[in-house]
Amino acid sequence: MYLGSIAMSLNLPTRAVPGAATVVFEPPSRWHSRVCQQTAGKALRDVTLLAGTSAVWHHWRRCRKQRATATTACGVISDAAVMQRLTKEDEPEIHLGKGLFGASQLQELISLCDARHGFAASVQRRKDGEVVVDQHRTSSSCPMLWPLMTPPDRLQMLRDAGNVALAEQIEQELRAVQAVQRRCAQVIGVEQERIEPLQLVKYLPGQYYSPHMDTHEEPERKSSYAGEQRTHTMLVFLSDVPESDGGGHLHFPRLGLHIQPHLGDAVLWRNLTEDGQPDLRVLHEGVAPKSCEKLAMNVWVADRPFSLSAIQAWQASSSSAKPAASQFLD
Ligand SMILES: O=C(O)CCC(=O)C(=O)O
Ligand SMILES: [Fe+2]
């Protein structure tokens, strides 16, 4: 069963998604061409509605000619969020997006984690699948509920057992997660079923995450849920860390790229090369903030949609440690 169908059976109302209606890549992204095409279609409609004046029409045509599907660059669409490419053409694609999420929507996720004391020492998944806490990563993190792993009858069972408050808390989190995941899927241009449970990360001053890859070690991918690989990562900053802090940035050492956290900004990158292998150039680290607290959210995208049956089959397939998807069932 896929996440979408669970959402339907939970009867979760659709929430309005804050942030700009349109997302465009500047310059257009090769792997994101589908989204760009959709955007170009929307641009055409908007311009037609907006204008009628030949000046605007001419302007839009000129933009299109330049393959500037990001028509905001030409000043035509005012509600578009732009994913700005940070790397050169011969480097892996890394984009910075602003205005994709509403601040209150993101702050709600933090409150939900805090309310259930969800932050705990971040674990590291070794390549043999073993889960350890070590000095490679000293932050704390909180996995958000994964709707896929929360059967609707569980909420009813909780209610029947008199745990109405807990059922409501879970439902609130599922609703918030659904809305954010839907938005992430729209921004990244993938099906929502490919998004792993959202993971919030917190760094107190001095805490860090050393250089690492987000991919699962090939060929076994033992640290995966169901044998999948992570195609993309989107890291959304949930707090500001000013430059005056002297740390707290996301750092890609092999690309010489530092990105300072601003609440709501999202950094999106592709983890794989064209031939589907982990792209070692996107090795990255979370540098320790010196005096600020830093909060961020990991959005990992798998190369396939998740299904409960595939996860269960994978977990039963070998005796070696697997990510504890069952934690979402408890
Ligand atoms: O906090 C950061 O800047 C990086 C976090 C990260 O890479 C991760 O959690 O996988
Ligand atoms: Fe990472």
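Rules used in this analysis
Residues numbered from 1 in each chain as written. Chains lettered and ligands numbered in written order. Predicted model: local features only at pLDDT ≥ 70, side-chain atom pairs only at ≥ 80, totals over all residues. Heavy atoms only, no water. Helix = DSSP H or I, 4+ residues; strand = E, 2+ residues; numbered from the N terminus. Buried < 20%, exposed > 50% of the residue type's maximum accessible area, 1.4 Å probe, protein only. Contact = heavy atoms within 4.5 Å. Areas by Shrake-Rupley, 256 points an atom, 1.4 Å probe, with all protein chains shown as cover. pLDDT = per-residue confidence, 0-100. Axes fitted to C-alpha atoms, helices over the stretch in contact; angles between N-to-C directions. Parallel < 35°, antiparallel > 145°, perpendicular 65-115°, else oblique. Left-handed = near helix turned anticlockwise from the far one by under 90°.

Q: Tell me about the overall build of the protein chain, residues and numbers included.
A: Counting its regular elements, the protein chain contains 7 helices and 15 strands. Taking all 330 residues of the protein chain together, the buried fraction comes to 52%. In the protein chain, 76% of the contacts between residues at least 6 apart in sequence involve partners at least 24 apart. Summed over its atoms, the accessible surface of the protein chain is roughly 15,100 Å², and 53% of this surface lies on carbon and sulfur atoms.

Q: Pulling in residues and values, what's your account of the confidence of the model for the protein chain?
A: Per-residue pLDDT for the protein chain has a mean of 79; in total, 70% of the residues score no lower than 70. Between residues 1-17, whose pLDDT stays under 50, and residues either more than four places distant or in other chains, the model counts 40 contacts. Within the model, pLDDT remains below 50 along residues 326-330, and this stretch shows 14 contacts once partners closer than five positions in the same chain are excluded.

Q: So what's going on with the side chain of Glu196? Residues and values would help.
A: For Glu196, the location among the structural elements is in the loop between α6 (164-188) and β8 (199-203). When near neighbours in sequence (up to four residues on either side) are disregarded, Glu196 contacts Trp146, Gln181, His216, Tyr225, Glu228, Arg230, Trp300 and Phe306.

Q: Any chance you could break down the packing of helix α5 (residues 152-160) against α6 for me, citing the residues and the numbers?
A: Between α5 and α6, whose axes approach to 7 Å, the crossing angle comes to 155°. What the angle tells us is that α5 and α6 run roughly antiparallel. The crossing of α5 and α6 is left-handed. Listed contacts from α6 to Arg154, Leu155, Leu158 and Arg159 of α5 are Val164, Leu166, Ala167, Glu168, Ile170, Glu171 and Leu174.

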